[in-house]
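Summary of the model geometry
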Amino acid sequence: MRAVVFEGKERIAVKRVDPPSLQHPLDALVRVHLAGICGSDLHLYHGKIPVLPGSILGHEFVGQVEAVGEGIPNLRPGDWVVGPFHIACGTCTYCRRQQYNLCERGGVYGYGPMFGNLQGAQTELLRVPFAHVNLRKLPPNLSPERAIFAGDILSTAYGGLIQGQFRPGDSVAVIGTGPVGLMAIEVAQALGASKVLAIDRIPERLERAAALGAIPINAERENPVRRARSETNDEGPDLVLEAVGGPTTLSLAIEMVRPGGRVSAVGVDNAPSFPFPLASGLVKDLTFRIGLANVHLYIDTVLALLASGRLKPEKIVSHYLPLEEAPRGYELFDRKEALKVLLIVRG
């Protein structure tokens, strides 16, 4: 079968690899139709997170069940499915608390030995452990092109808002208008935000944010904190969602949020530390939340919103490329010449 294989820093290739097989009664095999290139994949692409040469990359997918283990009663071959980017066992202490992102047996597809060393989803056939926990059937009226977003960036954005204690009527600022940030803007609008501000330095992405109903703020051309306060009665937003990752944007989020407000950080970064502003955090009485997305907790709600037509995340896709052009897709995405790339694995 064909798969996108990591060969070394900034070197990937589409190669023939051995197909996976069922290894456990709770396994399933999924015939992948669409796979996404995610912003966090670039950390592996640039060698910032260790991954073994020969590993299959990718963690966003949608497809049809090819085969199921004997312990899977709720799936059968031919079912259309989508799955969270990370796996969970469903039975450990953390899963029983519904903290699936902290699963003791968990991992992330295609994300190297630090995250379970699972093979990735940019491939024709994907093995899914604990498939009864880690796969969801698509609602009958939901297209694969829309459903794929439930497995990662849309559920990440939704979860970031919910974990930031979003309430209808809140003013929301989204720092970073890449795919996750744009998803957060769309979700905030759908859930009843009174105003959504979008902060970035890339004019083309700010234009897309404005098209979704956000007020664009170009941090290259004006002071984003001052502008955010002017848009929110000189207070600052109720909730700031940080969708970039890194000390600079985290500091900006904490500075921007109103006193008594909330900061929810969902951007992925590998910086070893962050100098938290204890004094201003104390005085502002702010709530700060950070963590990898608990997709299992939110994916069913997100699928329902997608099926209802209230969310249309496929609008952000800039490139549909055949699997063979994955190296070009990574290059385009890395140069910010693509907003969202979906790889067509099976037509």
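Residues numbered from 1 in each chain as written. Predicted model: local features only at pLDDT ≥ 70, side-chain atom pairs only at ≥ 80, totals over all residues. Heavy atoms only, no water.

**Considering the overall build of the protein**
When its secondary structure is counted, the protein shows 12 helices and 17 strands. Taken over C-alpha atoms, the radius of gyration comes to 20 Å for the protein, in line with the 20 Å a tight globule of 347 residues would show. With the C-alpha coordinates of the protein rotated into their principal frame, the extents come out at 60 × 40 × 40 Å. The proportion of buried residues among the 347 residues of the protein is 55%. On the protein, roughly 14,500 Å² of surface is accessible, and the fraction owed to carbon and sulfur atoms is 50%. (Helix = DSSP H or I, 4+ residues; strand = E, 2+ residues; numbered from the N terminus. Rg over C-alpha atoms; globule rule 2.2 N^0.38 Å. Buried < 20%, exposed > 50% of the residue type's maximum accessible area, 1.4 Å probe, protein only. Areas by Shrake-Rupley, 256 points an atom, 1.4 Å probe, with all protein chains shown as cover.)

**Some words on helix α7 (residues 203-211)**
Where α7 is concerned, the buried positions are Arg205, Leu206 and Ala209. Projected onto a plane normal to the axis of α7, the buried residues spread over an arc of 100° and lie on a single side. Residues of α7 that are exposed and point more than 90 degrees away from the buried face comprise Glu204, Glu207 and Ala211. Residues of α7 that are buried sit in contact with α6 (179-191), β11 (195-200), β12 (215-218) and α12 (326-334). Residue Gly213 follows α7 closely and has a positive phi angle near 105°. (Arc of directions from axis to C-beta. Contact = heavy atoms within 4.5 Å.)

**Quick notes on helix α11 (residues 295-308)**
Compared with the 20 Å implied by 1.5 Å per residue over 14 residues, the 19 Å span of α11 between its first and last C-alpha is a close match. Residues Val295, His296, Tyr298, Ile299, Val302, Leu303, Leu305 and Leu306 constitute the buried set of α11. For α11, the elements touching its buried residues are β5 (80-82), β6 (86-87), α3 (131-134), β9 (136-137), α4 (144-147) and α5 (153-163). The first or second residue beyond α11 is Gly309, which carries a positive phi of 85°. (Expected span 1.5 Å × (residues − 1).)

**Observations concerning the environment of Arg136**
Mapped onto the elements of the fold, Arg136 is located in strand β9. Sequence separation of Arg136 and Ile175 is 39 residues, and the distance between their C-alpha atoms is 30 Å. Not counting chain neighbours up to four residues away, the residues in contact with Arg136 comprise Trp80, Val81, Val82, His296, Ile299, Asp300 and Leu303. Engagement of the side chain of Arg136 in a polar contact is seen with the backbone oxygen of Val133, the distance being 2.8 Å. (Polar contact = N/O pair within 3.5 Å; in protein donor to acceptor, adjacent residues only side chain to side chain.)

**Section: the sheet that holds β12**
The parallel open sheet is built from 6 strands, whose spatial order is β12-β11-β10-β13-β14-β15. The sheet is open, and its two edges are formed by β12 and β15 (287-290), each paired on a single side. Sheet twist, expressed as the average angle between the axes of neighbouring strands with direction ignored, equals 15°. By the bridge criterion, 4 bridges tie strand β14 (residues 262-265) to β15 in an arrangement that is parallel. Bridge pairing in β15 places Arg262 opposite Thr287. (Pairing = 2+ DSSP bridges. Axes fitted to C-alpha atoms, helices over the stretch in contact; angles between N-to-C directions.)

**Re unusual backbone geometry**
Its identity is not glycine, yet Glu10 carries a phi of approximately 60°, on the positive side. Tracing the chain through its elements places Glu10 in the loop between β1 (2-8) and β2 (11-16). Positioned with a positive phi, Lys336 is a non-glycine residue whose angle comes to about 60°. Residue position: Lys336 is located in the loop between α12 and β17 (341-344). Lys336 gets classed as exposed once you look at its relative accessible area, which sits at 53%.

**Details of the pattern of salt bridges**
Close approach of charged atoms allows side chains with opposite charge to pair. Applying the stated criterion across every chain yields a total of 17 salt bridges. Linking Asp79 and Lys137 is a salt bridge whose minimum nitrogen-to-oxygen distance equals 3.9 Å. Here Asp79 is found in the loop between β4 (60-68) and β5, whereas its partner Lys137 is found in strand β9, with 58 residues between them in sequence. A relative accessible area of 14% means that Asp79 is categorised as buried. As a salt-bridge pair, Arg201 and Glu220 come within 3.0 Å of each other at their nearest N and O atoms. In this pair, Arg201 is assigned in the loop between β11 and α7 and Glu220 in the loop between β12 and α8 (224-230), connecting sequence segments 19 residues apart. Using a relative accessible area of 56% as the deciding quantity, one classes Glu220 as exposed. The network of salt bridges with common partners includes Lys195, Glu222, Arg227 and Glu231. (Salt bridge = Lys/Arg side-chain N within 4 Å of Asp/Glu carboxyl O.)

**So, the pairing of β4**
Remark: a regular strand shows side chains that alternate across the two faces of the sheet. When strand β3 (residues 28-37) meets β4, the two strands line up antiparallel, connected through 8 bridges. Its bridge partner being in β4, Gly36 is matched across the sheet by Glu60. Judged from the 3 bridges that link them, β4 and β5 form a sheet pairing that is antiparallel. Each bridged residue has a counterpart across the sheet, and for Gly63 the counterpart in β5 is Val81.

**Digging into the packing of α5 against α11**
Taken N-terminus to C-terminus, the directions of α5 and α11 make an angle of 110°; their axes are 9 Å apart at the nearest point. Considering their axes alone, α5 and α11 lie roughly perpendicular with respect to each other. Together, Leu154, Ser155, Tyr158, Gly159, Ile162 and Gln163 of α5 and Val295, Tyr298, Ile299, Thr301, Val302, Leu305 and Leu306 of α11 make up the contact between the two elements. Class assignment for the residues of the contact of α5 with α11 results in 9 nonpolar, 4 polar and no charged. (Parallel < 35°, antiparallel > 145°, perpendicular 65-115°, else oblique. Nonpolar A, V, L, I, M, F, W, Y, C, P; charged D, E, K, R; others polar.)

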